[in-house]
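These are the residues of each chain, in order.
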Amino acid sequence: MKGMSLIVKTITNIVIGFIFLYGLYIILHGHLTPGGGFAGGVIIAGVFVLKYLAYGSSKAGEKKSSIISSVFESVGALLFVGIALLGLLLTGVFFLNFIPRGTPLHLLSAGIIPLCNIAIGIKVGAGLFSIFLALAAFKYIMED
Amino acid sequence: MLELYLFLIFMLVAGIIATEIKDLLAAVISLGAVGFSVAIIFILVQAPDLAIVQIVVEVLTIVIFVAVILRTTHIDETIKEKISGIQVLAVVLYGAFAVLFFIAMVRTLNNLPPFGHPIMKVANQYISLGLPRTGGANLVADVILDFRALDTLGEATVLFTSVIGVVALMRKIGRRQK
Amino acid sequence: MTIFVFCIALFLIGLYAIVTKRNLIKIVIGFALIEYSVNLLFALIGFRRGALAPIITKVHTTHNFVDPIPQALVLTAIVIALGTTAVMLAIALRIYERYKTFDISKIKRLKG
């Protein structure tokens, strides 16, 4: 994939950190404000898509990032199932909220909901980024 | 509520353009117009969670569509060709089905509670018990990650399957060499 | 009631694209339109006049919220819609690679 012009690269350099930070905020505050794992995961996938579209990429780099993103997707799925199984082991009920609730309306509250949000965020972000790589990247270019 | 109707009409017009226009890139941009007006309607009906997800998903959808179209062709050649008999038959059958479906749906939707006054039988339980039981202030997150977490697990499985499907369809290994 | 008719109309537009169009990308666009219409119908059914978004900001207050259950159902459906659209586009791309066309009436010959 070829990169874009200098203007696009400079603007991308400026905004990309803020978008990533916004995605993290959406994931971590998913139990207090609108958002959550799904929205934040898609925003974080969008950060990497923006970086790829603006800067372009080489064949080796794309192979590496597709491997890394599929590893991260599996890690997210295993984390989500692991939280559910931990509830089964500790209390005997699948997906039971086994962590103490904490004070309401604070960041550290709501038991397993923030942990599930983080797992889903990793999973959705990595999964959508690997869909983008498979459909748009240089590695799979069509042979005429 | 006037702005709600304005965005709904805009959505319908953009949908008709998306299906009928000749250039596929323009059709995808019209699809984006439909998606963003749906996002604005979500904000107007007090669903900020859905609006955030809809906006970011819409952006990614358009990026994927444009990537596919740029790798292939962006002219819809089937529009200017002569209409065959079977296509006329398809349009006629569709018209008959559409009229029947419309009448059936209108009669069904008449039995629903009127717009703006839902039956809050189950939802009242979730609203009053959401904060004490789970401790989360966002009730939508409480429902999808605590009360109905098994549903979310199934959704994650579907997403995982679709990622595997796309990667397996697009890989180079196993293709026949020329 | 009249507001639900818009959702049915969008559904019928998407169904029209699926049934009568011969271009594969147009068919995928039709599926996307149907997904939007169903998501919109769910969100509109859950709306309550004069109510707030279902997010608690103070602990001990009277709650006047819209219905959170349709929103929770639609939230997952939107992301699934993106996944299915991507799978359909990948299939369309492979068909184009093999036959050099998106026209489904020309994809007839067997080619090994």
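Residues numbered from 1 in each chain as written. Chains lettered and ligands numbered in written order. Predicted model: local features only at pLDDT ≥ 70, side-chain atom pairs only at ≥ 80, totals over all residues. Heavy atoms only, no water.

Secondary structure summary: chain A contains four helices and zero strands in total. Going from the N terminus to the C terminus, chain A shows its helices and strands as α-α-α-α. Of the roughly 6900 Å² of accessible surface on chain A, 78% is carried by carbon and sulfur atoms. Distance between charge centroids for chain A: 12 Å, based on 9 positive and 4 negative side chains. (Helix = DSSP H or I, 4+ residues; strand = E, 2+ residues; numbered from the N terminus. Areas by Shrake-Rupley, 256 points an atom, 1.4 Å probe, with all protein chains shown as cover. Lys, Arg positive; Asp, Glu negative; His and termini not counted. Charge placed at Lys NZ, Arg CZ, Asp CG, Glu CD.)

The next thing to look at is the domain arrangement of chain B. We note that the domain assignment places domain 1 (1-81), domain 2 (85-118) and domain 3 (120-178) within chain B. On a C-alpha basis, the centroid separation for the pair domain 2 of chain B and domain 3 of chain B is 30 Å. (Domains from an automatic or database assignment.)

On to the interface of chain B and chain C, then. With 90 residues of chain B in contact, the opposing surface of chain C contributes 74 residues. Between chain B and chain C, the buried area comes to about 8000 Å², and carbon and sulfur atoms account for 78% of it. With a shortest N-O distance of 3.3 Å, Glu20 of chain B and Lys21 of chain C are connected by a salt bridge. Our count for the chain B to chain C interface comes out at 11 residue pairs in polar contact (both at pLDDT 80 or more). In terms of residue count, the dominant contributor to the side of chain B that touches chain C is helix α3 (residues 48-71) of chain B (14 residues). Looking at the side of chain B that touches chain C, its residues break down into 62 nonpolar, 15 polar and 13 charged. (Contact = heavy atoms within 4.5 Å. Buried area = accessible area lost by both parts, 1.4 Å probe. Salt bridge = Lys/Arg side-chain N within 4 Å of Asp/Glu carboxyl O. Polar contact = N/O pair within 3.5 Å; in protein donor to acceptor, adjacent residues only side chain to side chain. Nonpolar A, V, L, I, M, F, W, Y, C, P; charged D, E, K, R; others polar.)

In this section: helix α2 (residues 37-55) of chain A. Along an α-helix, residues three or four apart share an orientation, since each turn contains 3.6 residues. Its 19 residues give α2 of chain A an end-to-end C-alpha distance of 27 Å, which sits within 8% of 27 Å, the value for a rise of 1.5 Å per residue. Of the residues flanking the end of α2 of chain A, it is Gly56 of chain A, one or two places downstream, whose phi is positive at about 75 degrees. (Expected span 1.5 Å × (residues − 1).)

This paragraph deals with the pattern of salt bridges. The final tally for this structure, using the stated rule, is three salt bridges over all chains. Across the pair Glu73 of chain A and Lys123 of chain A runs a salt bridge, and its minimum N-O distance is 3.2 Å. One end of the pair, Glu73 of chain A, is in helix α3 (residues 59-91); the other, Lys123 of chain A, is in helix α4 (residues 113-136), and 50 residues separate them in sequence. Of the two residues, Glu73 of chain A and Lys123 of chain A, both sit in the buried class. In this structure, the salt-bridge partner of Arg94 of chain C is Glu97 of chain C, at a minimum N-O distance of 3.9 Å. Remark: Glu97 of chain C and Arg94 of chain C occur in helix α3 (residues 68-99); sequence separation between them is three residues, near one turn of the helix. With a relative accessible area of 23%, Arg94 of chain C lands in the partly exposed category. (Buried < 20%, exposed > 50% of the residue type's maximum accessible area, 1.4 Å probe, protein only.)

For the rest of this paragraph, the subject is the side chain of Ser130 of chain A. Looking at the element boundaries, Ser130 of chain A is found in helix α4. If we skip the residues at most four places from it in the chain, Ser130 of chain A touches Ser69 and Glu73 of chain A together with Val163 and Val167 of chain B.

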